[in-house]
Amino acid sequence: MSREELDELQQNPPQWLTDLRRNGPHPRSVVAARLRVSNSGLARAGVTEALTSEEIAALAADPPEWLTRERETYAEAQREQRRLESRRDAPEPSAKPSPKASAKPKPKHKLGAKLSSRLSSNRGRSGR
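This report concerns the structure included in the present document.

The rules behind the values
Residues numbered from 1 in each chain as written. Predicted model: local features only at pLDDT ≥ 70, side-chain atom pairs only at ≥ 80, totals over all residues. Heavy atoms only, no water. Helix = DSSP H or I, 4+ residues; strand = E, 2+ residues; numbered from the N terminus. Buried < 20%, exposed > 50% of the residue type's maximum accessible area, 1.4 Å probe, protein only. Contact = heavy atoms within 4.5 Å. Areas by Shrake-Rupley, 256 points an atom, 1.4 Å probe, with all protein chains shown as cover. Expected span 1.5 Å × (residues − 1). Salt bridge = Lys/Arg side-chain N within 4 Å of Asp/Glu carboxyl O. Core = buried A, V, L, I, M, F, W, Y, C linked by side-chain atoms within 4.5 Å.

### Describing the overall build of the chain
Counting its regular elements, the chain contains eight helices and zero strands. Seen in sequence order, the chain has helices and strands lined up from the N terminus as α-α-α-α-α-α-α-α. Expressed as a percentage of the 128 residues in the chain, the buried residues total 14%. Residue pairs at least 24 apart in sequence account for 47% of intrachain contacts in the chain once pairs closer than 6 positions are excluded. Carbon and sulfur atoms make up 54% of the accessible area of the chain, which totals about 10700 Å².

As structure tokens, this is what we get:
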């Protein structure tokens, strides 16, 4: 199939494809999205087969206990994910430098850095 043929099918799908998309059976990801639960929630409930739009509508109209529970679990997981994302995206408060760190001058050249590191490593040794 060429790219042009695929584009044509996507633009003007045959009737059977239109009916399939509308009525199903739908894959688990579509069923989960329409029922507002996770794929894992469907698995926990034992829903392993593809469902039609009619079956999905019947479940949504009269939700069994597992569906209500899984919707609550899914909604809580989504809230937690949004909370973590907003926390990650929020700017962190500026850290104030400690007085000790700002009081110690930095060496201006490499030799000074070497001497400084040797002196600081020798300070912790006893007997010198």
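### A short note on helix α6 (residues 65–89)
Over its 25 residues, α6 extends 36 Å from the first C-alpha to the last, a length consistent with the 36 Å expected when each residue adds 1.5 Å. Within α6 the residues assigned to the buried category are Trp 66, Leu 67, Glu 70 and Arg 71. Of the surrounding secondary structure, the elements contacted by the buried residues of α6 are α3 (28–35), α4 (39–45) and α5 (53–61).

### Observations concerning the pattern of salt bridges
If you walk through the whole model with that rule in mind, you get seven salt bridges. Among the salt bridges present, the one from Arg 3 reaches Asp 7, with a minimum N-O distance of 3.7 Å. Residue Arg 3 and its partner Asp 7 are both found in helix α1 (residues 3–11); the two are separated by four residues, about one turn of the helix. Using a relative accessible area of 30% as the deciding quantity, one classes Asp 7 as partly exposed.

### Observations concerning the environment of Val 31
For Val 31, the location among the structural elements is in helix α3. The sequence separation of Val 31 and Glu 55 amounts to 24 residues, and the corresponding C-alpha distance is 9.6 Å. If sequence neighbours within four positions are ignored, Val 31 has contacts with His 26, Leu 42, Leu 51 and Ile 56.

### A few points about unusual backbone geometry
That bond from Gly 24 to Pro 25 is cis: its omega, 10°, falls within 30 degrees of zero. We note that Arg 36 has phi near 60°; this positive angle belongs to a residue other than glycine. On the secondary structure map, Arg 36 appears in the loop between α3 and α4.

### Overview of the nonpolar core
Formed by Val 31, Ala 32, Leu 35, Val 37, Leu 42, Val 47, Leu 51, Ile 56, Trp 66 and Leu 67, the largest nonpolar core amounts to 10 residues. Taken together, the elements giving at least two residues each to this core come down to α3 and α6. Per-element accounting of this core gives the leading share, three residues, to α3. Dropping the residues within four chain positions of it, Leu 51 is found in contact with Pro 25, His 26, Val 31, Ile 56 and Leu 59.

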